[in-house]
Amino acid sequence: MDQSVAIQETLERGENCILAVQCDVFFDNLTESRLLGLVESTKEHAIFIYTHRRMAITADDVSLEDIIPISLDFAVVEVSSPEELAVVGADTKVRISYQEEELELRLPFGSHSRFFLSEVNRAWSDVCKSTTQAPKFEWINKYHKATRGQGVVKQALAPLGTTLTKLNQHRKTEKSSDKKGSSEKEKGANSGTQNSKQAYAVPESREDRDDLVRSSSHTTSNKAQILAMPQFGLRDNLIKCELLKNENIYTYTEDFSFFLGTYNVNGQTPKESLRPWLSCTATPPDMYCVGFQELDLSKEAFFFNDTPKELEWTKAVSEALHPDAKYALVKLVRLVGIMLIFYVKKKYAEFISDVEAETVGTGIMGRMGNKGAVAVRFRFHNSDICVVNSHLAAHIEEYERRNQDYKDICSRLLFRQLDPNQPPLTIMKHDVVLWIGDLNYRISELDVSNVKELISKKDFETLHSYDQLKRQIDEKAVFVGFVEGEIDFQPTYKYDTGSDKWDTSEKCRVPAWCDRILWTGKNIMQQHYQSHMTLKTSDHKPVSSLLVIGIKKVNAEVYKKTFEEIVRNIDKMENECIPSVTLSKREFHFKDVKYMQRRAETLSLFNDGQVPCQFEFIQKPNEPTYCKPWLTADPPKGFIAQGGSVDIELEVFVNRSTAPELNSGKEQIEDILVLHLERGKDYFISVTGNYLPSCYGSSIHSLCQLREPIQDMPQETLRDMAERVGGDNERNPEKPLDIPKELWMMVDHLFRNALNQEDIFQQPGLRSEFAEIRDCLDTGIPDSLPGSNHSAAEALLLFLDALPEPVVPYSSYQQCLESCSNASQCEKVISMLPQCHKNVFNYLAAFLRELLKNSASNRLDVNILATIFASLLLKSPTKQDLAEKRKTQEFFQHFLAQGSS
């Protein structure tokens, strides 16, 4: 969620929040979380400081506290101290000063914080370089008014000269009259002490202030960071490309130990020490990567990603780390109940860089975070490492869904790079990938008694042969190239909580190795792989693995010589040669493209020139991007070494935003890509295809006019219907259907087969089954829907999500919000909808009420259904905030009551 949106809502008209970042502000020995927004108005900039709650999604979640104008009196000091836990290559500690006040804060390490600081730098530099009158900041005065209502600004502000009084409790420096002397002392400390402080106080002249803020980890002792730093500006990527090719010349390997741990805690709080698990090694490991699943099973955690258990389990981990070493917390990342914590020995912290964290949900519609993954990537010395913690789909028969979750995580989890011009990194583009988590693969083809008998005999080898994950890896369906150590411990799931007894509940789950640890990469040896039976908090047992990994370290002297040789060669080649490439083909045709079906072809580029070349797909005149929205090129830019080649995947994918125009025939699968070589020529690539119209992405009105399957209709007829006004039936005298027949087929199927289906509308289906359902709806063949109940349910949600105009039209949205607390008013709004929209709304509400009559078996309740369906039936014509989201849920809940008509 972009926190800039919440800040933008609190601003008066005319101001713009360029960028926002969350940080910690120091108050004596305490820290408090704040949001900083870089705000611009009339070419003047100021930092707005907000208190906030939760994720700061809307204006209701933030309150303006202070304002710092970026003027000539503004300055930044970045503090770097290896002894402080906060500065370990994970966070950046910064001190901001303005006039007589100071503010000390800690920004989370990553490209977003770096970009924020660079934008502040740019704003300050503009002030210094300006030859016009000094900024007056008159527009800030309006924010000194009292509350404007609606929770937008919830407190009055003191005059600017006193706004930082509260935040200034930590201040230990002199007043402004001594500021210059203080700055000189800091500069002296910077050059003469080990715990350096990079100080950038107000300079004596504008020319002295080109770099406002630098990364404290960019030191000459940090060899890993040297390779990531820009060396020669425009040619830096060419140099990096050549450095990578010659990496074996200037690097050598050194072994470091990585402790990997995974634990599904079943929503419990820590009830026992984690030392038997986390301190089980004789010597302290160099790194800890600790993953949790099902950290919190409450609705609050699911809907708002907010849980107190994050702090409880983090504290339990920190207290259980090996006592014979000191560790620093580098990164924590969480998605609902999936959490990953990364620690490193303090003495190695300075060699950690490029830390980024990302999450991806694979729950219903590919969005919900109850299943999915969190990941951290970082560079240690000269090795790029990615750690993934995932929680895949449950239930013994759902192994195909688990396979799909794995593939989704690999394709959708992307890390931003230091250079924003570079494409994001995928999981597999790392030297080492460590994958932990509750993968949920079960033991098949054996009943519970046979499984328990093999366990009692400790015949884990035979039992493992029935393991779904082993079989799927053997078939190369998932985790291709990954390694898992030998399993010589009993299954880790499912136990009665608080004991070592197998599941005695009515379901009597078959024991399984749900909790796994795998890896891929070179120079990796496993020291142990085991479960920890002494921990009894959960129905799972925690698992650990100790890996010794050969990390690439840089020989500085050899690196320098290699680097200089590369630069000389590039200079020579650039002066002598023009880059050129050979294309494998220049025309691509995609036949029979379908809704949400990925289609890809490969364009191969061969560098037949005498120099390495840089390529990029560029925009055509008067077009916003290099390609149409249904087309992507991966990678869209890159480098090719001399004599080398690269494969570019051209992918066509039609989704809810691009389907309406293609369904109606207003848009075609046609585009021209322009491939540009830097210092070379342009190449033109033709992409064509034919799209098969679908009910997905077609309007309710159009579908109600269709008595035949949509793919049986001529394109002219579809275009004509799309252009008609909602109530215009003069050219179609035949009475329209009450509701789209495709909607009826899905709801009728679910009514007949899924009223008692456990977790219906909460568990995703299979993408392959969705494709079969889509084809059935679009062609009318066969008469009954294929696939599981979960696939049919997700197909219905995707249908509603793809409607160009939602069931409650955009024009009625505001009325719904205003009447949400009054049931009769809500019914009146629905009664005024166009007939086909009203029919669909009432039909769906009636079906959902039937589902609620069977809540004992399907485990649904009003809150769950309102949360899922309100977001699909009542969409905002603009960005929907959290307050609006809650009002739409309240509106729809009136229609889920059993007495509703």
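Residues numbered from 1 in each chain as written. Predicted model: local features only at pLDDT ≥ 70, side-chain atom pairs only at ≥ 80, totals over all residues. Heavy atoms only, no water.

Remarks on the overall build of the protein
Here comes step 1: For the protein, the count of helices and strands is 26 helices and 30 strands.
Here comes step 2: Burial analysis of the protein (901 residues in total) assigns 55% to the buried set.
Here comes step 3: Within the protein, contacts between residues separated by at least 24 positions form 70% of all contacts whose residues are at least 6 apart in sequence.
Here comes step 4: With the model as given, the accessible surface of the protein reaches about 39300 Å², and the carbon-plus-sulfur share is 49%. (Helix = DSSP H or I, 4+ residues; strand = E, 2+ residues; numbered from the N terminus. Buried < 20%, exposed > 50% of the residue type's maximum accessible area, 1.4 Å probe, protein only. Contact = heavy atoms within 4.5 Å. Areas by Shrake-Rupley, 256 points an atom, 1.4 Å probe, with all protein chains shown as cover.)

Focus: the pattern of salt bridges
Here comes step 1: Considering all chains together, one arrives at 44 salt bridges under this definition.
Here comes step 2: Glu 742 is the partner of Lys 741 in a salt bridge, and the nearest nitrogen-oxygen pair spans 3.1 Å. One exposure class covers both Lys 741 and Glu 742, and it is buried.
Here comes step 3: What you see here is one network of salt bridges that share partners, running through Lys 507, Glu 758, Asp 759 and Arg 859. (Salt bridge = Lys/Arg side-chain N within 4 Å of Asp/Glu carboxyl O.)

Let's talk about the sheet that holds strand S10 (residues 287-293)
Here comes step 1: In space, the six strands of this open sheet follow the order S11-S12-S10-S9-S21-S20, with mixed pairing throughout. With one partner strand each, in any of the chains shown, strand S11 (327-335) and strand S20 (524-531) form the two edges of the open sheet. Pairs of neighbouring strands in the sheet enclose a mean axial angle of 20 degrees, with direction left out of account.
Here comes step 2: Running over the sheet, helix H9 (residues 309-320) touches strand S9 (251-264), S10, S11 and strand S12 (338-345) and is turned about 30 degrees from S12. (Pairing = 2+ DSSP bridges. Axes fitted to C-alpha atoms, helices over the stretch in contact; angles between N-to-C directions.)

Here's the deal with the pairing of S9
Here comes step 1: Burial within S9 is extensive, with 10 of its 14 residues counted as buried.
Here comes step 2: Two strands pair when backbone bridges link them, and S9 and strand S21 (residues 543-554) are joined in this way by 12 bridges, in the antiparallel orientation. By the bridge assignment, Leu 260 is partnered in S21 with Ser 545.
Here comes step 3: Two elements, S9 and S10, share seven bridges in a ladder whose sense is parallel. Note that in S10 the partner of Thr 262 across the bridge is Gly 291.

A word on the nonpolar core
Here comes step 1: Core analysis: the largest hydrophobic core is formed by 99 residues, its most contacted members being Tyr 696, Phe 761, Leu 800, Phe 869 and Phe 891.
Here comes step 2: Setting aside residues no more than four positions away along its own chain, Leu 800 makes contact with Val 807, Leu 844, Phe 869, Leu 872, Leu 873 and Lys 875. (Core = buried A, V, L, I, M, F, W, Y, C linked by side-chain atoms within 4.5 Å.)

Quick notes on the state of the cysteines
Here comes step 1: All told, the structure shown has zero disulfides when counted by the stated rule.
Here comes step 2: Considering cysteine sulfurs only, Cys 695 is the nearest to Cys 776, which forms no disulfide, with 9.7 Å between them.
Here comes step 3: Cysteine Cys 826 is unpaired, with the sulfur of Cys 820 as its nearest cysteine sulfur at 6.6 Å.
Here comes step 4: For Cys 826, a relative accessible area of 0% corresponds to the buried category. (Disulfide = S-S within 2.5 Å.)

What to know about the pairing of strand S29 (residues 670-677)
Here comes step 1: Pairing between strand S25 (residues 613-618) and S29: four bridges, direction antiparallel. Directly across from Ile 618, in S29, lies its bridge partner Val 674.
Here comes step 2: Two strands pair when backbone bridges link them, and S29 and strand S30 (residues 682-691) are joined in this way by seven bridges, in the antiparallel orientation. Within S30, the residue paired with Asp 671 across the bridge is Val 687.
Here comes step 3: Count of turn residues in the S29/S30 antiparallel hairpin: four residues, of which Arg 679 carries a positive phi of about 65 degrees.

What to know about the packing of aromatic side chains
Here comes step 1: Applying the stated criterion across every chain, the model contains 31 aromatic pairs.
Here comes step 2: Both rings, one in Phe 256 and one in Tyr 348, keep their centres 5.2 Å apart while their planes meet at 90 degrees; by these two values the pair is edge-to-face. Of the two residues, Phe 256 sits in strand S9 while Tyr 348 sits in the loop between S12 and strand S13 (352-361), which places them 92 residues apart along the sequence. Both residues of the pair, Phe 256 and Tyr 348, count as buried.
Here comes step 3: A centroid spacing of 6.0 Å and a plane angle of 35 degrees characterise the contact between Tyr 559 and Phe 563, whose relative ring orientation is tilted. Within this pair, Tyr 559 and its partner Phe 563 are both found in helix H14 (residues 556-576), separated by four residues, close to a single helical turn.
Here comes step 4: Judged by relative accessible area, which is 12%, Phe 563 ranks as buried.
Here comes step 5: Ring-pair connections join several aromatic residues into one group, and the members of that group are Phe 48, Tyr 50, Trp 139 and Tyr 143.
Here comes step 6: Here Arg 402 stacks its cationic end above the ring of Tyr 441, 5.3 Å away from the centre of that ring. (Phe/Tyr/Trp six-rings, centres within 6.5 Å; stacked < 30°, edge-to-face > 60°. Lys NZ or Arg CZ within 6 Å of the ring centre and 35° of its normal.)

A closer look at the sheet that holds strand S18 (residues 432-438)
Here comes step 1: A sheet is described by the order of its strands in space; here five strands give the open sequence S13-S14-S15-S18-S19, paired in mixed fashion. Each edge of the open sheet is held by one strand with a lone partner, namely S13 and strand S19 (515-520). Recorded for the sheet is a direction-independent mean angle of 10 degrees between the axes of neighbouring strands.
Here comes step 2: Pairing between strand S14 (residues 372-380) and strand S15 (residues 383-391): nine bridges, direction antiparallel.

As for helix H25 (residues 862-873)
Here comes step 1: The first and last C-alpha atoms of H25 sit 15 Å apart over 12 residues, in line with the 16 Å expected at 1.5 Å per residue.
Here comes step 2: The buried fraction of H25 amounts to nine of the 12 residues, a majority that puts the element mostly inside the structure.
Here comes step 3: Among the residues making up H25, those that are buried are Ile 864, Leu 865, Ala 866, Thr 867, Ile 868, Phe 869, Ala 870, Leu 872 and Leu 873. (Expected span 1.5 Å × (residues − 1).)

Comments concerning the packing of helix H18 (residues 741-753) against helix H20 (residues 789-802)
Here comes step 1: Between H18 and H20, the least distance of the axes is 10 Å, while the angle of their chain directions is 145 degrees. Handedness of the crossing formed by H18 with H20: left-handed. On the side of H18, the interface is formed by Leu 743, Met 746, Val 747, His 749, Leu 750 and Asn 753, while H20 contributes Asn 789, Ala 792, Ala 793, Ala 795, Leu 796 and Phe 799.
Here comes step 2: Split into classes, the residues belonging to the contact of H18 with H20 amount to nine nonpolar, three polar and no charged. (Left-handed = near helix turned anticlockwise from the far one by under 90°. Nonpolar A, V, L, I, M, F, W, Y, C, P; charged D, E, K, R; others polar.)

These values are about where atoms sit, not about what they do.
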